[in-house]
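Chain by chain, the residues run as shown.
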Amino acid sequence: MSTEKIKNMENSATEDMPSQQIELPSAVSVKSLAAIINVEPVDVIKQLMRNGHMLTINDAVDPDIATLICQAYGFAVKEQVDDPSEAKSLVLEHDESDLEHLEARPPVVTILGHVDHGKTTLLDQIRNSNVVTGEAGGITQHIGAYQVETEGNLITFLDTPGHEAFTAMRARGAQVTDVAVLVVAADDGVMPQTVEAINHVKAAGVPIITAINKVDKADADLERVKRELAEHDVLIEEWGGDVIAVPVSALTGEGVTDLLTNIQLVSEIGELKANPTKPAQGIIVEARVDKNKGPTSTVLVQAGELTIGCIIAAGVTKGRVKAMVDSHGNSVDTAGPSVPVEILGLNGIPEAGEVFIEASNDKEAREIVETELKKRASQGGPGVTLEEIYSRIESGESKSLDLIVKTDVQGSIDAVKNSLDGIQDDQSKINIIHAASGRITESDVLLAVASKAVIVGFNTDPSPGALSASKQEHIDVRTYKVIYDLVDDISKALKGLLDPVMEDILQGYATVRAVFNIGNNTRIAGVYVNEGIISRRAEMRVTRNSKVIFSGTVASLKHFKDDVREINSGLEGGIGIDGFNDFNEGDVIEAHLEREVE
């Protein structure tokens with residue numbers, strides 16, 4: 001918020017109004033704030049709107065903003081002294097009614113890292129050596145999450161496919177994880193997916209513990225791993241940082257006990273608590289259709305107690321809980337905070353990261369679903385465009401432009417970063433959340449959704465899946481061939497002078513099934529159109545192993561022997577591209593059009 005706006009709010013208080021001292025709770029909603037200062041909630045909302053904050057009656061108000069609102073109505077806010085007994089959850093915010101009912105809960109942990117660095121082996125080692133007593137027949141049922149017991153304490157592990165699932169949950173507003181364990185192989189060091197995982201965890205603001213795996217291998221080099229982690233701003237304790245590093249061998253089990261002890265230590269610092277007495281609420285971890293059971297969902301309870309017979313709503317699905325199974329295959333009747341269970345009874349498949357809440361009856365559940373449907377219909381999406389950046393910075397809603405940068409080669413990243421550094425100032429900062437080489441992927445789009453970031457590509461472009469996801473999530477994706485144009489656009493966005501957007505449209509794509517020589521050193525690709533259409537007016541991009549190797553215009557387009565203007569999905573044809581003859585079977589040819597966005 002700008003200094004001028006803060007002054008306006010302070011000056012809006014009546015000068016002769018006495019300053020009554022009040023104390024604000026650490027977390028306060030618009031409704032609660034209105035009750036504390038004895039005004040109508042709508043008046044608080046209006047005051048917030050005047051200063052660029054669009055909040056609803058149940059939204060939480062930032063403590064600094066709440067203080068200024070109180071001052072605007074003639075109240076002086078007493079400075080609050082931290083009470084060590086007060087709960088400080090990393091996941092759920094507690095309202096005042098929660099505080100007297102809070103109880104300690106197990107930490108929720110996600111394991112992330114590069115492929116082949118031993119995440120799955122580590123999870124298996126933890127699960128097999130620390131099973132909760134009472135497991136039925138020693139058989140563990142995979143439900144996407146499970147609990148282990150160590151030294152009398154429980155820890156919940158989310159068995160997700162990786163940082164994409166982790167970020168997908170964040171993208172839908174769910175902060176599930178208390179602690180992230182970053183697995184790095186001692187013989188391999190920090191790899192591209194390790195860097196992605198680091199950036200995703202940092203964006204989520206989750207504490208990191210590093211598990212340096214494969215220490216039993218002859219070529220293990222722990223110092224190299226620590227040095228490479230430091231290069232990506234992950235400073236371990238012995239290097240003067242605050243990140244715990246634990247050497248482990250997922251294969252032999254060496255160091256696993258130490259890892260679990262450190263997870264417990266970090267979670268104790270976070271003072272993780274929840275209210276088990278309120279109506280149940282939590283997160284959908286994953287959902288699928290079982291051919292025998294129908295829709296099944298793995299849920300993680302975050303507060304309250306989920307029981308058989310509960311009516312719940314999750315996103316646009318609802319239903320009565322008919323059965324619950326824990327991660328060990330046991331049927332259970334109840335599940336409390338931080339407990340993962342698989343449930344039956346929802347009328348559809350909710351998305352991972354959806355919040356579920358308990359309703360008092362079917363009518364209330366239906367109303368929750370209808371409200372969510374209306375909300376989704378009215379919202380354009382969670383994304384932010386470069387055009388909106390200037391107004392957000394001006395209103396004080398945002399102080400920086402968050403970017404995800406993808407380039408053709410690793411060497412280009414520093415060039416882009418250095419160029420962007422030169423256009424920042426005190427009023428408008430550029431925050432690069434993630435930078436890597438390669439095509440723009442669906443994972444990048446998910447991170448952009450979760451972080452409200454804009455994606456820029458230099459000499460690279462989005463994959464078909466990323467294009468589709470960016471349209472669905474309304475994420476701004478910009479690609480550039482010239483570094484000056486990229487920097488110029490970002491600079492204009494920061495100054496509110498951005499030109500109209502040119503949107504890249506994927507018209508269709510086809511797979512090369514055969515290659516024909518037609519003389520004069522000319523080759524034609526025999527293709528099958530997988531999706532959309534391939535037309536003469538589009539730019540053709542030839543991709544091999546997910547990398548664009550050539551872009552050019554159509555030289556010839558045939559369906560059998562006939563020259564045609566376009567070939568539709570499901571048909572075969574022949575394509576010649578100006579200046580390109582190096583077709584290989586299996587290449588993908590994408591047809592792209594460019595149009596101005598109104």
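Within each chain, residues carry numbers counting from 1 in the order of the written sequence. Residues qualify for local features only when their pLDDT is at least 70, as the model is predicted, and side-chain atom pairs are given and counted only at 80 or more; totals for whole chains, interfaces and linings, by contrast, use all residues. Computation of side-chain values covers all heavy atoms of the structure but excludes hydrogens and water.

Draft legend 1. Structural detail: the overall build of the protein chain. Going along the chain from the N terminus, every DSSP run of H or I of four or more residues is numbered as a helix, and every run of E of two or more is numbered as a strand. Secondary structure assignment for the protein chain yields 15 helices and 33 strands. For the protein chain, with 598 residues in total, the buried portion stands at 48%. By definition, residues are in contact when any of their heavy atoms lie within 4.5 Å. Taking as baseline every contact in the protein chain between residues at least 6 positions apart, the subset at least 24 positions apart corresponds to 72%. Here the accessible surface of atoms and residues is derived via Shrake-Rupley with a 1.4 Å probe, and residues count as covered only by protein chains that are part of the display. Carbon and sulfur atoms make up 47% of the accessible area of the protein chain, which totals about 29000 Å². Categorising residues by exposure relies on relative accessible area from a 1.4 Å probe, with only protein chains included: less than 20% of the type maximum marks a residue as buried, more than 50% marks it as exposed, and the intermediate range marks it as partly exposed.

Draft legend 2. Spotlight on the sheet that holds strand β6 (residues 108-113). Pairs of strands are assigned from DSSP output, requiring at least two bridges between the strands. Taking strand neighbours across the sheet as the criterion, the 6 strands line up as β7-β8-β6-β9-β10-β11 in an open arrangement whose pairing is mixed. Strand pairing shows two members of the sheet lacking a second neighbour, β7 (145-150) and β11 (244-247), which therefore form its edges. Neighbour-to-neighbour, the strand axes of the sheet open up by a mean angle of 30°, direction not taken into account. For β6 and strand β8 (residues 153-158), the ladder comprises 3 bridges, and the chain directions are parallel. Only C-alpha atoms enter the line fits that serve as axes; for helices the fit covers just the stretch in contact. Angles between N-to-C directions range over 0 to 180 degrees.

Draft legend 3. Local environment of the sheet that holds strand β14 (residues 294-303). Spatial strand order, β13-β14-β19-β17-β16-β20: 6 strands in a closed barrel with antiparallel pairing. Ignoring which end each strand starts from, the neighbouring axes of this sheet average 45° apart.

Draft legend 4. Spatial organisation of unusual backbone geometry. Within the chain, Asp233 stands out as a residue other than glycine whose phi angle is a positive 60°. Tracing the chain through its elements places Asp233 in the loop between α8 (222-231) and β11. The exposed category is assigned to Asp233, whose relative accessible area is 62%. In the Ramachandran plot, Asn459 falls in the positive-phi region, its phi being about 55° despite a non-glycine side chain. Along the chain, the position of Asn459 falls in the loop between β23 (454-458) and α14 (464-473). Using a relative accessible area of 32% as the deciding quantity, one classes Asn459 as partly exposed.

Draft legend 5. Just the confidence of the model for the protein chain, in detail. The score called pLDDT rates the predictor's confidence residue by residue, from a low of 0 to a high of 100. Here the protein chain shows a mean pLDDT of 79. Residues at 70 or above account for 79%. A low-confidence stretch, residues 1-18 stays under pLDDT 50, and its non-local contacts, those more than four residues away or across chains, total 28 contacts. Taken together, the stretch residues 131-141 has pLDDT below 50 and engages in 20 contacts with residues farther than four places along the chain or on a different chain.

Draft legend 6. Geometry of the pattern of salt bridges. Any Lys or Arg side-chain nitrogen located within 4 Å of an Asp or Glu carboxyl oxygen qualifies as a salt bridge. All told, the structure shown has 21 salt bridges when counted by the stated rule. One salt bridge in this structure joins Lys226 and Glu223, with 3.5 Å as the shortest N-O distance. Here Lys226 pairs with Glu223, and both are found in helix α8, just 3 residues apart, close to one helical turn. Relative accessible area serves as the criterion here: at 43%, Glu223 is assigned to the partly exposed category.

Draft legend 7. Layout of the packing of helix α13 (residues 442-451) against α14. Orientation of α13 relative to α14, taken along the N-to-C sense of each, is 20°, at an axis distance of 8 Å. With respect to α14, the axis of α13 lies roughly parallel. Judged by the sense of rotation from one axis to the other, the crossing of α13 with α14 is right-handed. From α13, Glu442, Val445 and Val449 reach across to α14, where they touch Gly465, Ala466, Ala469, Ser470 and Glu473. Basically, the charged four are Asp, Glu, Lys and Arg, the nonpolar ten are Ala, Val, Leu, Ile, Met, Phe, Trp, Tyr, Cys and Pro, and anything else, Gly included, counts as polar. Taken together, the residues of the contact of α13 with α14 break down into 4 nonpolar, 2 polar and 2 charged. Any angle that is under 35 degrees is reported as roughly parallel, and any over 145 degrees as roughly antiparallel; angles of 65 to 115 degrees are reported as roughly perpendicular and all others as oblique. With the far helix as reference, a near helix turned anticlockwise by less than a right angle produces a left-handed crossing, and one turned clockwise produces a right-handed crossing.

Draft legend 8. Spatial organisation of the nonpolar core. Within this scheme, the nonpolar core is defined by two criteria: the residues are buried Ala, Val, Leu, Ile, Met, Phe, Trp, Tyr or Cys, and they are joined through side-chain atoms within 4.5 Å. Of all hydrophobic cores here, the largest spans 23 residues; its most connected members are Leu122, Ile126, Phe157, Leu259 and Ile263. Counting residues per element, the ones that place at least two in this core are β6, α5 (119-129), β7, β8, β9 (179-185), β10 (208-213), β11 and α9 (256-269). What Phe157 contacts, discounting residues up to four positions off in sequence, is Val109, Ile111, Leu123, Ile126, Ala145, Tyr146, Val148, Leu260 and Ile263. Counting residues in each nonpolar core, the second largest holds 21 residues, with Val542, Ile575, Ile577 and Phe580 among its members.

Draft legend 9. Geometry of the packing of aromatic side chains. Geometry of aromatic contacts follows a simple scheme: Phe, Tyr and Trp rings, the Trp one being its six-membered ring, pair when their centres are within 6.5 Å, and the pair is stacked under 30 degrees between planes, edge-to-face over 60, tilted otherwise. A full pass over the atoms with the stated rule returns 3 aromatic pairs. Relative to Phe580, the ring of Phe550 lies with its centre 4.9 Å away and its plane at 25°, an arrangement referred to as stacked. Of the two residues, Phe550 sits in strand β28 (residues 547-552) while Phe580 sits in the loop between β32 (572-577) and β33 (588-596), which places them 30 residues apart along the sequence. A relative accessible area of 23% places Phe550 in the partly exposed class.

Draft legend 10. Inspection of the side chain of Asn262 at higher detail. By the element assignment, Asn262 lies in helix α9. Taking relative accessible area as the criterion, Asn262 reaches 18% and is therefore assigned buried.

Draft legend 11. Local environment of the pairing of strand β13 (residues 281-290). The sheet contact formed by β13 and strand β20 (residues 355-359) spans 3 bridges and is antiparallel. When the bridges of β20 are listed, Gly282 appears paired with Phe356. By the bridge criterion, 9 bridges tie β13 to β14 in an arrangement that is antiparallel. Within the sheet, the bridge partner assigned to Gly282 lies in β14 and is Val301.

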